[in-house]
Amino acid sequence: LFPLVSCGSGELEKSPRSDPGPWEVLHRHRRSWVWNQFFVLEEYTGNEPLYVGKLHSDVDKGDGKVKYVLSGDGATSIFTIDENTGDIHATKRLDREVQAYYTLQAQAVDRLTNLPVEPRSEFVVKVQDINDNEPKFADGPYLAGVPEMSPLGTMVVQVAATDADDPTYGNSARVVYSIIHGQPYFSVEPKTGVIRTALPNMDRETRDQYVLVIQAKDMVGQMGGLSGTTSVTVTLTDVNDNPPRFSHKNYQFTVLESLPTRSLVAKIKAVDADIGSNAEMDYRIMDSDGSGVFNVSTDEDTQDGVITLLKPLDFETKSSFSLRIEATNRNIDTNFLSLGPFSDTTSVKVTVQDVDEPPVFSAPLTKMVVSEDARVGTSIGRVSAHDPDTSSNAIRYSIDRNTDLERFFNIDALSGVISTAKPLDREVNSVHNLTILAIETQDPVQIGKGITLVTVLDINDNAPVFATDYETLLCETTTPGQVIQTVSAVDKDEPPSGHRFYFTLAPSVAGNPNFTLRDNKDNTASVLTKRGGFLRREQPVYLLPVLITDSGSPALSSTSTLPVRVCDCDSDGVALSCGAVAYTATGLSTGALLAILSCIITLLVMVLLIVTMRRRRKQPLILEEERDIRENIVRYDDEGGGEEDTEAFDMVTLRNLNVIRDPNVRRDVTPDTPTFYHYPPASRQSFKTLPDNVVFREFIWERLKDADVDPTAPPYDSLQTYAFEGSGSVAESLSSLESLSTDSDQNYDYLNNWGPRFQKLADLYGNGDGAAVFS
């Protein structure tokens, strides 16, 4: 401690008089406070307040009249002063790192009046440092990287520690660095904290990360100094110091010969211990016995060598391929060329596996020609296909009918010869695009397809006609020799060197006095008038037949009619009105009267026919053979008369089993007259001898079979009746078909004696009029 020394003092001086009187006033000569800095040791931990120093004024005579007062930083809270003696004490432990000095003000005052006896003076209490703070790494822990295979002494990173102690006082803040963990791989410079490699050629592939512990110690590393540590994680970054290497020197793969092009064949991989861009590599085919069949590329994600197919495979042509593939690093570091070539090679064998392939046409596209006048069955060409497999199965040919919907052509299934099946017309379809199917006989699923283009050659089979429907107008004032129309022609045929048409008037009008025709020799013709003075009243329309002949072989011709209408024209030759002139009729001609009478007579005849047909008596509903098993509803607007109503149904046939069938009669046609057939006795006897259940089953089965197989059955749903009385009746058979015919004399009046159960039959047959049954 450096005590505070008060170098200033004050004394009272008298006035310069030899004999002072009692009322003389004493005067003091003022002098300033003189003191040094106070020094206080930080972190003092004693039991008593720490003595800092002493203040004293020369005014103080020690009689207790002067009082010392302290103010400023920490006054009363940290620092206290004895107001009588001026002793200053620190009541709390001080920390230089919190506050290094305190500025205080001191003053001496009169105890009684509290008036200052000295001016206020300022002094500083400085906290003296001790080594109570260890070094700290503000930026730790550290992450750093250094390339692998770096030379000895390569800088990795620089660390820095700070000490909160006073760097200007002693060695408390003087730090040195050392490495605690991380040797012998790395070292650190004691003064600068620079970390360097301590071993050459460290290999990332062996070890890629190191954790160092660095210590910083104050007091220049001497005994008793404080220290702090931090960690430094050093990662070795990759360099391209490893070449790629295939794990196998030989690879074998198998693929189907049906594998589509651009498909994956296999993947191979060269292993490179490096990472990132240093592990990127390129693959190439150095040698192959199938040039252009395969390709190899690099998968950028996995660095695999991807082998793909470029051309179709054919087991029968070549069953295996041998490839030699090289893998080379893409980014080679010239600093490591001495480590060897950064590439490697391997052999790849690809075996082709046979599959059952569809037939193959010798020519995928075949072109054929045929004349449009070729007769049906004319051979126009042949297609050929073969089974590419070693089995060489037989082939059958057919035409895909979706490409020949009208079936103009046929193909021989064995030879592949294509022939015409219908007459051809080039003007309808000049080219037929057929798809020919070649199917293996042993395996019909294997189908090959080929295209055949059939071009239909033209023949001169179409006569020329007018190019359009001409409307020729002729003015009444037309003079002779005037051209009134120019016509041209068209021909559907396709001559090889263009059309050539010849125009003449038809022989029937060769001497026509009204018009003439001039062939212009350019496939057109001009119609000229031979006279003038045409009048609509005399003839409003002239029909001029023109004969047009083509230049084909043989030549074809046709006659086209040119209508010429006479018109009333203005002075400029523009038609105003054409056609017939209307006249006021005063009576009807004989021809018109005859036409009217003919129409009236025709109408009367039709009316008489209709009335006659409506008055015809409705014929009875007698059903022939196959119709006997169906009820036919004749009238739909009748409420019916219950069981007594037999008008709408043929009740005779409901229980007729033994009927002779004629399959040539349509069952949907009602016969005009009733016809009855007797079932053959042998068959009737066979039904009578069978049990009822069998009889019914046989009866229904025969009716069903007749309805199913009858080709004359009506094309609509109809009601079939399968009911019959059976063969067990005690009254024997009552079938009308067995006993009744159109000329039968049998009397059924005895039915009236059989009781009420047979009253209905008595009413139907008792009167002896067989035809009344069907009325």
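Residues numbered from 1 in each chain as written. Predicted model: local features only at pLDDT ≥ 70, side-chain atom pairs only at ≥ 80, totals over all residues. Heavy atoms only, no water.

## Some remarks on the packing of aromatic side chains
Alright, step 1. Applying the stated criterion to the full structure yields 14 aromatic pairs.
Alright, step 2. Summarising the aromatic geometry, the rings of Phe186 and Tyr210 are spaced 5.5 Å apart at their centres and angled 70° between planes, so their arrangement reads as edge-to-face. Residue Phe186 is found in strand E13 (residues 186-188), and its partner Tyr210 is found in strand E15 (residues 209-217); the two are separated by 24 residues along the sequence.
Alright, step 3. What makes Tyr210 buried here is its relative accessible area of 7%.
Alright, step 4. Centroid distance Phe246 to Tyr251: 6.5 Å. Interplanar angle 75°. Geometry classified as edge-to-face.
Alright, step 5. The buried category is assigned to Phe246, whose relative accessible area is 7%.
Alright, step 6. Aromatic ring contacts, followed pair by pair, group Phe246, Tyr251, Phe253 and Tyr283 into a single cluster.
Alright, step 7. Its guanidinium or amino end placed over the ring of Phe321, Lys318 lies 5.3 Å from that ring's centre, counting from NZ or CZ. (Phe/Tyr/Trp six-rings, centres within 6.5 Å; stacked < 30°, edge-to-face > 60°. Helix = DSSP H or I, 4+ residues; strand = E, 2+ residues; numbered from the N terminus. Buried < 20%, exposed > 50% of the residue type's maximum accessible area, 1.4 Å probe, protein only. Lys NZ or Arg CZ within 6 Å of the ring centre and 35° of its normal.)

## Some words on the UniProt feature "transmembrane region" (unreviewed entry) in the protein chain
Alright, step 1. Look at the UniProt record and you will see "transmembrane region" (unreviewed entry) annotated at residues 592-611.
Alright, step 2. Along residues 592-611 the backbone is 100% helical and 0% strand, and the end-to-end C-alpha distance reaches 29 Å. (UniProt positions renumbered as here; feature names shortened; annotations may be inferred.)

## So, the state of the cysteines
Alright, step 1. For the coordinates displayed, the defined rule picks out 2 disulfides.
Alright, step 2. Between the sulfur of Cys567 and that of Cys578 lies a disulfide, 1.8 Å long from S to S. Judged by the sign of its S-S torsion, about 105°, the bond between Cys567 and Cys578 is right-handed. Within this pair, whereas Cys567 is found in strand E41 (residues 557-569), its partner Cys578 is found in strand E42 (residues 575-578), the two being separated by 11 residues in sequence.
Alright, step 3. For Cys567, a relative accessible area of 0% puts it in the buried group. (Disulfide = S-S within 2.5 Å.)

## Side note on the pattern of salt bridges
Alright, step 1. Taken as a whole and assessed by the stated rule, the structure comprises 18 salt bridges.
Alright, step 2. Close ionic contact of Asp344 with Lys249 constitutes a salt bridge, the shortest N to O distance being 2.9 Å. Here the residue Asp344 occupies a position in strand E24 (residues 343-353), and Lys249 occupies one in the loop between strand E17 (245-246) and strand E18 (250-256), the gap between them amounting to 95 residues.
Alright, step 3. Where salt bridges share partners, they join Glu280, Asp282, Glu300 and Arg330 into one cluster. (Salt bridge = Lys/Arg side-chain N within 4 Å of Asp/Glu carboxyl O.)

## Digging into the sheet that holds strand E6 (residues 79-81)
Alright, step 1. Overall, antiparallel pairing links the 3 strands, which are arranged E4-E7-E6 in an open sheet. Strands at the two margins of the open sheet, each flanked by one partner only, are strand E4 (50-54) and E6. On average, each strand axis in the sheet is inclined to that of its neighbour by 25°, with strand direction left out of account.
Alright, step 2. Relative to strand E7 (residues 87-90), E4 runs antiparallel, the two being bridged by 4 bridges. Across the sheet, residue Gly53 finds its bridge partner in E7, namely Ile88. (Pairing = 2+ DSSP bridges. Axes fitted to C-alpha atoms, helices over the stretch in contact; angles between N-to-C directions.)

## Focus: unusual backbone geometry
Alright, step 1. Cis geometry is adopted by the peptide bond preceding Pro141, which originates at Gly140 and carries an omega value of -10°.
Alright, step 2. With respect to the helices, strands and loops of the structure, Pro141 is situated in the loop between strand E9 (121-128) and strand E10 (142-147).
Alright, step 3. The phi dihedral of Met149 is positive, around 60°, even though this residue is not glycine.
Alright, step 4. Following the sequence through the fold, Met149 ends up in the loop between E10 and strand E11 (155-158).
Alright, step 5. Even without glycine at this site, Arg407 takes up a positive phi of about 55°.
Alright, step 6. Mapping Arg407 onto the fold places it in the loop between strand E29 (395-399) and strand E30 (409-411).
Alright, step 7. A residue is classified by how much of its surface remains accessible, and Arg407, at 47% relative accessible area, is partly exposed.

## Some thoughts on the environment of Leu437
Alright, step 1. Assignment of secondary structure puts Leu437 in strand E32 (residues 431-440).
Alright, step 2. The spacing of Leu437 and Phe361 is 76 residues in sequence and 9.4 Å in space, taken between C-alpha atoms.
Alright, step 3. Those residues in contact with Leu437 that lie beyond four places of it in its chain are Phe361, Arg396, Tyr397, Ser398, Asp400, Ile447, Gly448 and Lys449. (Contact = heavy atoms within 4.5 Å.)

## A word on the pairing of E10
Alright, step 1. Only one face of E10 is buried, namely the one carrying Tyr142, Ala144 and Val146, since none of Leu143, Gly145 and Pro147 on the opposite face is buried.
Alright, step 2. Pairing of E10 with strand E16 (residues 227-237) involves 6 bridges; the strand directions are parallel. Bridging from a neighbouring strand, Ala144 pairs with Val234 of E16.

## Observations regarding the side chain of Arg426
Alright, step 1. If you trace the backbone, Arg426 turns up in the loop between strand E31 (417-420) and E32.
Alright, step 2. At 2.9 Å, the side chain of Arg426 forms a polar contact with the side chain of Asp458. (Polar contact = N/O pair within 3.5 Å; in protein donor to acceptor, adjacent residues only side chain to side chain.)

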